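Chain residues, written in single-letter form:
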Amino acid sequence: MAWQSNRRNYVIGSQVMEDKLQLLIWETNGQLYAGDVKYCLEVQNGKKILDVPHSKKYITGIVNLRGDIVTVLDLFVLMEQKDLPDKNKAVIIRLKNNDKQVAVMADSVFEVIELHSNMLESAENHLSEKEFKYIPYIARRENHLILIVNIPELFVIH
Amino acid sequence: MNILRKVDEIEIFFYEEDATNDPQNLRSAFEEMLEIINLPRVRLKFCEVTSFRLESLALIFSFFKTLKQKGITSELLVPERLEHFLKQFHTEKIPDLTTKLEHTG
Amino acid sequence: MELDSLISDFVSEALELLQKAETRILELEEDYNIEKLHSIFRAFHTIKGNSGMFGFHVIQELSHKSEEILDAVRSGHLPYSRELADLLLKSIDRLKQILADIYNEKNYLISDLIEEIINFAQPSHTQTSKEVSVREEAPNLEILYSEQIKLALEKKLNLYYYLFELLEDSNLTLDELENKLKLVENEVLSRGLDYYSIPLIYEKKISLPYYFLILTQENIDAFETKLGLKAKQKITLHLHTQQKTEEKTNNITTNQTDFLRVKIDLLDDLINLVGETIITRNQLLQRAPLWNDPEGSSILSRMSQLITQLHTKIMNTRLQELSTVYQRISRIVRDTSKSLGKQVELKLEGGEVELDKTMIDTILDALVHLIRNSIDHGIETPEERKKLGKSQEGLISIRASLQTGTVRIQIEDDGRGLDYEKIKLSAIKRGLLTESRAQEISNEELTEFIFLPGVSTKENITETSGRGVGMDAVRNGLKKIGGTIHLTSVTGQGLKITATIPQTVSVISCLLILVNGRRFAIFQKYIAELLQFEEKNYSVINGHGMYQLRENLIPIIHLGKLLYGEDIQSKQQNSYIVIIRLDTYYFGLLFDEMLGTEEIVIKPLGEHFKGIKLFSGATIMGDGEAVLILDVFGIADYTGIHTIEVKTSKEIISKTKERGKGYVLFESSSQYFATLSSSIVSIERISTQSIYHISNIEVIEYKNDIVPIQRLEEIYNIEKQPDQKEKFVLICKVEERYLGILIDKVLDVIESLQLVPSSQHWQGEGILGHALYDQKPTILVDIEAILTKVNHNKFKWLGKVIEETMSLEVK
């Protein structure tokens, strides 16, 4: 039955590879990223992120989003990349999975696009192992390369 | 107490000291007896018992009940003057226990 | 999805029914009642029906079998026994397990339980064990007395089966029993020995159970009082319906019509909204003075009040009665005592006290742990207890009460209590306590060690209790919700645990500080004092920063270093220290700037921060920014501060022994004094109880000698203040004997003293001058001179008395 969701399975949409996907597109460090809209709650600008001493490296800090304290994760630290975004200028994307919430930073957020699942390619050969964990698929559109983020994986706590 | 083994029943003589001494002793005595009783009927007879502890009476009833579980019927023989006392316990309602009153002269 | 929410409703309803059934089952053991049996039956019946609709066949079957066996009891084919209760509880546990994992329902096996139930219900089920409980054979009372029940129905009266133990009251003779019965003759239908309750010889119990069958208008409890006999069992066979509604139900509210089921998510949303409203209100309140609009301001003021009221009410919606926790506890006590071979009676009070829902879970965990500990470590086995002259059944009582917004829960047992010697040894072994300190430490201070992880006084670790990691987890859990816990114990008599928790999680008063440019909040509750940092009072001892505060040396934590790895040397000027008080110890936190106090709403940090002890949450300021709340307990744990011994007067006393020069500053009845260190042989700490009187002279024992002591209050006509439990004596040697000055406490030992011109007030024997210490007038005295004079007068004849007494003793 449909309610049996398996979070380890990085299927992005609930319908497996058959239908269209609705993805939110954002940009960080000149690269485009996308995430399934069903995990995206909102986007906020101009919020100050508070760093938390003694917290893990991949945690940028915490931020107030409509009265809730939300943890901000640094996707790039998770992927063990070097170029880290500027936390003071970031746009915050608030994400949810069931009743949990996290947020990620972006330089700017664009729009929601629709993509047919057969346009996705596996990113396995293009990315490192750590990156692949978070970005299982890539897509091309109008000469742009879009990295599709596996949002549920962001909620896994190490 | 003394035990007299008859053909198809066992007679237990219950004395004043049994009725008034430490109940734990009485209980152990009953426990031992249960091991050796192998006849279908037991009769417990009060012999010159003028006073007794309630605990001893309680143990007697426990003894009878345990016998019943083994399928042995019991009979309690008491002197007349203890009659009214026993009546309070309505022993007539206890299954498989006969209470007889001995008429002492 | 529609189906999901229906399933979710089914699960929560089923769990509620099972919880109620469980409570009834436990109650039935104490007080057999047909109505309760019916309600348990109905619970299983409902679950059976509902589960079938969803296709949850496993649940359906287990409920069905349980329902069947209850039906057998109802119709008299099977007696209600402890074994049956155990079986039903097992069934309930299994169902709860399955319901918690509902989407895997199909995978759960129940064949073991089904088999057990079927075997139990067999008519040929014979008891071969000698340890059989007598009630197994009891006939169903409803059948036995069906005639009498009909009579009760006709006459509109209550029918009770009243059982009591004749041997219970050793003073009760059969004649007295007869007399009592005469009082209620009309109401007793029949009476006699309850044969079925008589124990077998093997049961090693001596019992003479006696019953009455009572037909009465009254309530059975009233009847009991009238009779003056304590019942062993009271079984209601028929209750006239009018009384049914009057009879007190227990703490569980069963009246459905006054309550409404509300989704918890909705309540949480409401609370969040109110929280944000408060923050926005605070922002407005800050700006209001700038508007220069008096009418507008008063409207805002009114709205502010309304918001505060709204907040309180909303917080109250989350309140839940403690009785929900109590239900679980009853079950746990039963199971735990059974598996450990202990007999325990549980007394519960205050189930009507309400707590915020989020706290209930923490309390439950804490109570469960404490109770398990109590049954495992505290309560002795029945044999042991008998040997000690205690009743074979141990007693655990839990009392809850509410006092001005704080809930207090007391758990008391009459078991072994704490073994202070063992705690000492364990602490010494773990390097937490020095041998010398161990000799002076009080029992109260020792209980602190129980709360440190790894300290255990139990030799064998049992599966039930764990490895001594429990108590610190309990305390931490309580602290996280703003609560505290204290232990007191008398060895051999029992243990008393007192936990306090705030009733609601709401707005808390905090101090805002600045560290390395970031704001932090500290709960006002734990703040003892605020000071400006002064370099001269700071020193590093054994690698720890210590600060001199009056007569104490207090460990200091540099927050900049702790949080951001800042270098300690920098920024020490113009810093501040907040002195934190935790239970019995103090420490200080060094920070950059003080920003003021604020009332804040605590928000939890996410799961990502689980391992970080230093923060207990975050809050949102008026300007919309997030601020971290420091967890003072976590900081203390992390830095290991409680292992640093706080220096007290004792250390100062040893300082005098080293120095020999300088002055000792002390206090008597709030008056400060100073004297030359060189006149003092030693400073002894005594308890006032160890002061004896010989005639009108006070003396103490010192080095096997009787030493007379003198109070300065007497010499200088100072109004004597009431004695504290603990005092000090300055011992001097005067003319070959020891004499002492009795004082309240030692303040300090200093090298030099600046004398000030004296006023007329204080002139007298032995006064050398006046000074100022800590801005208070201090009298410099020559205690040798004082004592020499006293020795010639008051104490002189005493010497003779003592000699005589001692020579008498020698004989």
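Residues numbered from 1 in each chain as written. Chains lettered and ligands numbered in written order. Predicted model: local features only at pLDDT ≥ 70, side-chain atom pairs only at ≥ 80, totals over all residues. Heavy atoms only, no water.

Participant: I'd like a description of the overall build of chain C, backed by residues and values.
Facilitator: When helices and strands are tallied, chain C shows 25 helices and 34 strands. In chain C, which comprises 811 residues, the proportion classed as buried is 47%. In chain C, once contacts between residues fewer than 6 apart in sequence are set aside, the share between residues at least 24 apart is 69%. When the accessible surface of chain C is split by element, carbon and sulfur atoms take 49% of a total near 41800 Å². (Helix = DSSP H or I, 4+ residues; strand = E, 2+ residues; numbered from the N terminus. Buried < 20%, exposed > 50% of the residue type's maximum accessible area, 1.4 Å probe, protein only. Contact = heavy atoms within 4.5 Å. Areas by Shrake-Rupley, 256 points an atom, 1.4 Å probe, with all protein chains shown as cover.)

Participant: So what's going on with the environment of Glu-593 of chain C? Residues and values would help.
Facilitator: Residues and elements named next belong to chain C. Take Glu-593: it is sitting in strand 20 (residues 593-601). Since its relative accessible area comes to 41%, Glu-593 is described here as partly exposed. Residues Glu-593 and Ile-577, 16 residues apart in the sequence, show an inter-C-alpha distance of 9.5 Å.

Participant: If you had to explain unusual backbone geometry to someone new, which residues and values would you point to?
Facilitator: Residues and elements named next belong to chain C. Non-glycine residue Asn-516 carries a positive phi angle of around 50 degrees. Along the chain, the position of Asn-516 falls in the loop between strand 12 (507-515) and strand 13 (518-523). Taking the relative accessible area as the measure of exposure, Asn-516 reaches 25% and is therefore partly exposed. Positive phi is not limited to glycine here, since Ser-670 has a value of about 70 degrees. Position of Ser-670 relative to the elements: it lies in the loop between strand 23 (663-668) and strand 24 (671-676).

Participant: Now, about the interface of chain A and chain C: what can you tell me, with residues and values included?
Facilitator: Contacts between the two partners involve 24 residues from chain A, matched on the other side by 28 residues from chain C. Between chain A and chain C, a total of about 2300 Å² is buried, with carbon and sulfur atoms accounting for 67% of that surface. Where chain A meets chain C, there are 2 salt bridges. For Asp-51 of chain A, the salt bridge goes to Arg-518 of chain C, with nearest N and O atoms at 2.9 Å. For the pair chain A and chain C, the number of links is 3 residue pairs in polar contact (both at pLDDT 80 or more). Looking at the side of chain A that touches chain C element by element, the count peaks at 4 residues for strand 5 (residues 68-73) of chain A. Broken down by class, the residue content of the side of chain A that touches chain C amounts to 13 nonpolar, 6 polar and 5 charged. (Buried area = accessible area lost by both parts, 1.4 Å probe. Salt bridge = Lys/Arg side-chain N within 4 Å of Asp/Glu carboxyl O. Polar contact = N/O pair within 3.5 Å; in protein donor to acceptor, adjacent residues only side chain to side chain. Nonpolar A, V, L, I, M, F, W, Y, C, P; charged D, E, K, R; others polar.)

Participant: Please provide a residue-by-residue account of the pattern of salt bridges, values included.
Facilitator: All names here are of chain B. The full count for this structure, using the stated rule, is 41 salt bridges over all chains. Note that Arg-43 is salt-bridged to Glu-9, the shortest N-O span being 3.3 Å. With Arg-43 in strand 3 (residues 41-47) and Glu-9 in the loop between strand 1 (2-5) and strand 2 (10-15), the pair connects residues that are 34 residues apart, well separated along the chain. Residue classification places Glu-9 among the buried residues on the basis of a relative accessible area of 5%.

Participant: Give a description of the environment of Thr-447 of chain C that names residues and reports values.
Facilitator: Residues and elements named next belong to chain C. Here Thr-447 shows up in helix 18 (residues 443-450). Taking the relative accessible area as the measure of exposure, Thr-447 reaches 6% and is therefore buried. Between the alpha carbons of Thr-447 and Thr-488 there is a distance of 7.6 Å; along the sequence they are 41 residues apart. Non-local contacts of Thr-447, meaning those with residues more than four positions away in its chain, are made with Leu-418, Tyr-420 and Leu-487.

Participant: Can you tell me about a negative patch on the surface, naming the residues and giving the values?
Facilitator: Side chains of Asp-99 of chain A together with Asp-265, Asp-269 and Glu-607 of chain C sit close together on the surface and give a patch of like negative charge. Secondary-structure assignment places Glu-607 of chain C in the loop between strand 20 and strand 21 (615-620). Relative accessible area serves as the criterion here: at 41%, Glu-607 of chain C is assigned to the partly exposed category. (Patch = residues over 30% accessible without salt bridge, like charges linked within 9 Å, V, L, I, M, F, W, Y side chains within 5 Å. Lys, Arg positive; Asp, Glu negative; His and termini not counted. Charge placed at Lys NZ, Arg CZ, Asp CG, Glu CD.)

Participant: Before we move on, can you summarise the packing of helix 4 (residues 82-100) of chain C against helix 5 (residues 111-121) of chain C with the specific residues and values?
Facilitator: Residue and element names in this part refer to chain C. Close contact between helix 4 and helix 5 brings their axes to 11 Å; oriented N to C, the two are set at 155 degrees. Here helix 5 runs roughly antiparallel to helix 4, going by the angle between their axes. The chirality of how helix 4 crosses helix 5 is left-handed. Across the interface between the two elements, Glu-83, Leu-84, Leu-87, Lys-90, Ser-91 and Arg-94 of helix 4 pack against Asp-112, Leu-113, Glu-116, Ile-117 and Phe-120 of helix 5. Here the residues of the contact of helix 4 with helix 5 sort into 5 nonpolar, 1 polar and 5 charged. (Axes fitted to C-alpha atoms, helices over the stretch in contact; angles between N-to-C directions. Parallel < 35°, antiparallel > 145°, perpendicular 65-115°, else oblique. Left-handed = near helix turned anticlockwise from the far one by under 90°.)

Participant: Residues and numbers for the confidence of the model for chain C, please.
Facilitator: When pLDDT drops low, the exact placement of atoms in the prediction is not to be read closely. All names here are of chain C. Here chain C averages 79 in pLDDT, while 85% of its residues score no lower than 70. Confidence, expressed as mean pLDDT per element, reaches its minimum in chain C at helix 10 (residues 241-246) with 45 and its maximum at strand 22 (residues 626-630) with 94. For residues 645-659, every residue scores under 50 in pLDDT, and the model assigns this stretch 29 contacts once sequence neighbours within four places are set aside. Here the predicted complex scores 0.41 on pTM and 0.87 on ipTM. (pLDDT = per-residue confidence, 0-100.)

Participant: Let's hear about the sheet that holds strand 25 (residues 682-687) of chain C: which residues, and what values?
Facilitator: Residue and element names in this part refer to chain C. Pairing within the open sheet is mixed, and its 6 strands lie in the order 25-29-30-28-27-26. Each edge of the sheet is formed by a strand with only one pairing partner; in this case those strands are strand 25 and strand 26 (692-694). Averaged over all pairs of adjacent strands, the angle between strand axes in this sheet comes to 40 degrees, irrespective of strand direction. Sheet analysis places strand 29 (residues 726-734) next to strand 30 (residues 737-743), joined by 7 bridges and oriented antiparallel. Bridged to Lys-733 within strand 30 is Tyr-738. In this fold helix 24 (residues 783-792) packs onto strand 28 (705-711), strand 29 and strand 30, with an angle of close to 80 degrees to the strand it touches most, strand 29. (Pairing = 2+ DSSP bridges.)

Participant: Go over the pairing of strand 4 (residues 59-65) of chain A with me, naming the residues and quoting the values.
Facilitator: The side chains of a regular strand alternate, first on one face of the sheet and then on the other. Residue and element names in this part refer to chain A. Burial runs high along strand 4: 7 of the 7 residues are buried. As paired strands, strand 4 and strand 5 are joined by 6 bridges and run antiparallel to one another. Of the residues in strand 5, the one forming a bridge with Ile-62 is Thr-71.

Participant: Could you give an account of the nonpolar core, with specific residues and numbers?
Facilitator: If you look at the biggest cluster of nonpolar residues, it comprises 73 residues, and the most contacted ones within it are Ile-62 and Leu-154 of chain A together with Leu-559, Ile-580, Phe-587, Leu-589 and Phe-615 of chain C. With near-sequence residues (within four places) excluded, Leu-154 of chain A lies in contact with Leu-73, Leu-75, Leu-78, Leu-95, Val-104, Tyr-134 and Val-149 of chain A together with His-608 of chain C. Counting 56 residues, the second-largest nonpolar core is a separate cluster that includes Leu-86 of chain B together with Leu-167, Val-184 and Phe-223 of chain C. (Core = buried A, V, L, I, M, F, W, Y, C linked by side-chain atoms within 4.5 Å.)

Participant: Could you give an account of the interface of chain C and chain B, naming the residues involved and the relevant values?
Facilitator: A common way to state how big an interface is: give the accessible area lost once the parts meet. In this assembly, 24 residues from chain C lie in contact with 26 residues from chain B. A per-residue breakdown of the area chain C buries against chain B is headed by Tyr-195, Ile-201 and Ile-206 of chain C, which together make up 31% of the total. Scanning the region where chain C abuts chain B turns up 0 salt bridges. The tally of links from chain C across to chain B stands at 3 residue pairs in polar contact (both at pLDDT 80 or more). At the level of elements, helix 8 (174-183), strand 2 (188-193) and strand 3 (209-216) of chain C are the ones that each hand at least two residues to the side of chain C that touches chain B. Counting residues per element, the side of chain C that touches chain B draws most heavily on strand 2 of chain C, at 4 residues. Class assignment for the residues of the side of chain C that touches chain B results in 16 nonpolar, 4 polar and 4 charged.

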